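A look at the structure
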Amino acid sequence: MLRLVPDWLLYIIVIAAVVFVLFRVDQRADAPEVYRPDSAQPEPGAFLPPPSMYDPEVLVEVGPVASGMGSAFAISEEGWWLTARHVVDGCQQVGLIVSRGAAVPVQEVKRALFADLALLRTERAPAALALDTSERQFQVGQRAFHVGFPQGRPGEAYSRLIGRETLVARGRYDLEEPVLAWAELGRTTGLRGSLAGISGGPAFGANGQVIGVTIAESARRGRVYTASPSSITRLLRLEQVDAQGAPAPRLTADNYGEESDDLRRQLAVAQVVCVAPGDRPL
């Protein structure tokens, strides 16, 4: 970090594994069973107000480019994927791991300049997920299910919505963007510490539609941050990408681990490899 701010802890930006380690991970493997400290249905809460200049700020540091990993998910069977900008920004080459030791090169990367989001294009995608980017749907206390590859392995977490914040990124690139803040309620058993590697993965609503992209965490405060749905809509409109996918099965605190495994097997959710300049290409 350029500077430490009390209680604002770190972005999912320090990507910990080098590309050669990633090739030892089979993304079709199941995650361990999930821990469920709170499986009760949420009480309906107030609807979320629009973004405001008075929203709390969370400061994050965008570190230098390094070979590593993240998560992505398909939004069109024509080969469009969504991920986090910091996962692929500045990479010499980007690929998606499709099986043990095998990666498909990404043909095109389109980075948002206004948010921590990026679009990837491959020749095709085996399965695509439905997006629900309506800002009107969000209620304080509702659940989200975050799927991807934390710490380079299959895993997931779930959370409840707290409210809006403004993410202020400094370092490799500078930006300010509205985000949604979620309080973590549970995660894969045995997964401790940072969720690094889940960045770029989908955040699902209970109806199985994607309602956000996971982009940051504050491990100390137990918070997860997702890109604003309006930012996702803006990126798709600017790049003229038509997102067409199908909802995942309805998700609950009791089944989201099993359903997440199925999504990874179908390659609707995949692991992203970033090869930094000067490193060995894929």
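Refer to the structure above for everything that follows.
Summary of the structure given here. Values in this document were obtained by computation on a predicted structure and should not be read as measured data. (Residues numbered from 1 in each chain as written. Predicted model: local features only at pLDDT ≥ 70, side-chain atom pairs only at ≥ 80, totals over all residues. Heavy atoms only, no water.)

A word on the packing of aromatic side chains. Summed over the entire model, instances satisfying the criterion amount to four aromatic pairs. For the pair F138 and W182, a centre-to-centre distance of 6.5 Å together with 70° between the ring planes defines the contact as edge-to-face. With F138 in the loop between strand 7 (118-121) and strand 8 (143-148) and W182 in strand 10 (residues 175-187), this residue pair connects regions lying 44 residues apart in the sequence. Ring centres 5.8 Å apart and planes at 15° place the aromatic pair F145 and Y158 in the stacked group. Taken together, the positions of F145 in strand 8 and Y158 in strand 9 (residues 155-171) put the pair 13 residues apart, joining distant regions of the chain. We classify F145 as buried; its relative accessible area is 3%. The exposure class of Y158 is buried, given its relative accessible area of 1%. Taken together, F145, Y158 and Y256 form an aromatic cluster joined through their ring pairs. Cation over ring: R85 sits above Y173, and NZ or CZ is 3.7 Å from the ring centre. (Phe/Tyr/Trp six-rings, centres within 6.5 Å; stacked < 30°, edge-to-face > 60°. Helix = DSSP H or I, 4+ residues; strand = E, 2+ residues; numbered from the N terminus. Buried < 20%, exposed > 50% of the residue type's maximum accessible area, 1.4 Å probe, protein only. Lys NZ or Arg CZ within 6 Å of the ring centre and 35° of its normal.)

Moving on, we come to the sheet that holds strand 3 (residues 80-83). Pairing in this open sheet of seven strands is antiparallel, and the strands run 5-4-14-2-3-7-6 from one edge to the other. For this open sheet the edge positions go to strand 5 (102-105) and strand 6 (108-111), each flanked by a neighbour on one side alone. For this sheet the average axis-to-axis angle between neighbouring strands, irrespective of direction, equals 35°. Each of strand 2 (68-76), strand 3 and strand 7 is contacted by helix 3 (residues 229-238), which is oriented at about 45° to strand 7, the strand it contacts most. (Pairing = 2+ DSSP bridges. Axes fitted to C-alpha atoms, helices over the stretch in contact; angles between N-to-C directions. Contact = heavy atoms within 4.5 Å.)

Let us look at the side chain of E217. Examined against the element boundaries, E217 turns out to sit in strand 12 (residues 210-218). Although E217 is buried, it makes no salt bridge; R187 carries the closest opposite charge, 4.8 Å away. At 3.0 Å, the side chain of E217 and the backbone nitrogen of L195 are in polar contact. (Lys, Arg positive; Asp, Glu negative; His and termini not counted. Salt bridge = Lys/Arg side-chain N within 4 Å of Asp/Glu carboxyl O. Polar contact = N/O pair within 3.5 Å; in protein donor to acceptor, adjacent residues only side chain to side chain.)

A few words now on the environment of A115. Here A115 is to be found in the loop between strand 6 and strand 7. C-alpha of A115 to C-alpha of S228: the two residues are 113 residues apart in sequence and 8.7 Å apart in space.

As a further point, take the pairing of strand 1 (residues 57-62). Burial of strand 1 is extensive: five of the six residues sit out of reach of the surface. Across six bridges, strand 1 lies against strand 9 in parallel orientation. Of the residues in strand 9, the one forming a bridge with L59 is V168.

This brings us to unusual backbone geometry. A positive phi is found at Q151, a non-glycine position, where the angle reads about 60°. Here Q151 lies in the loop between strand 8 and strand 9. Since its relative accessible area comes to 34%, Q151 is described here as partly exposed.

Residues of helix 3 that are buried include every one of P229, S231, I232, L235 and L236, and no others. End-on view of helix 3: buried residues confined to an arc of 160°, all on one side of the axis. Exposed positions of helix 3 whose direction lies more than 90 degrees from the buried face are R237 and L238. Turning to helix 3, the residues buried within the fold contact strand 2, strand 3, strand 7, strand 10, strand 12 and strand 13 (223-227). Phi turns positive, to about 55°, at Q240, one or two residues after helix 3. (Arc of directions from axis to C-beta.)

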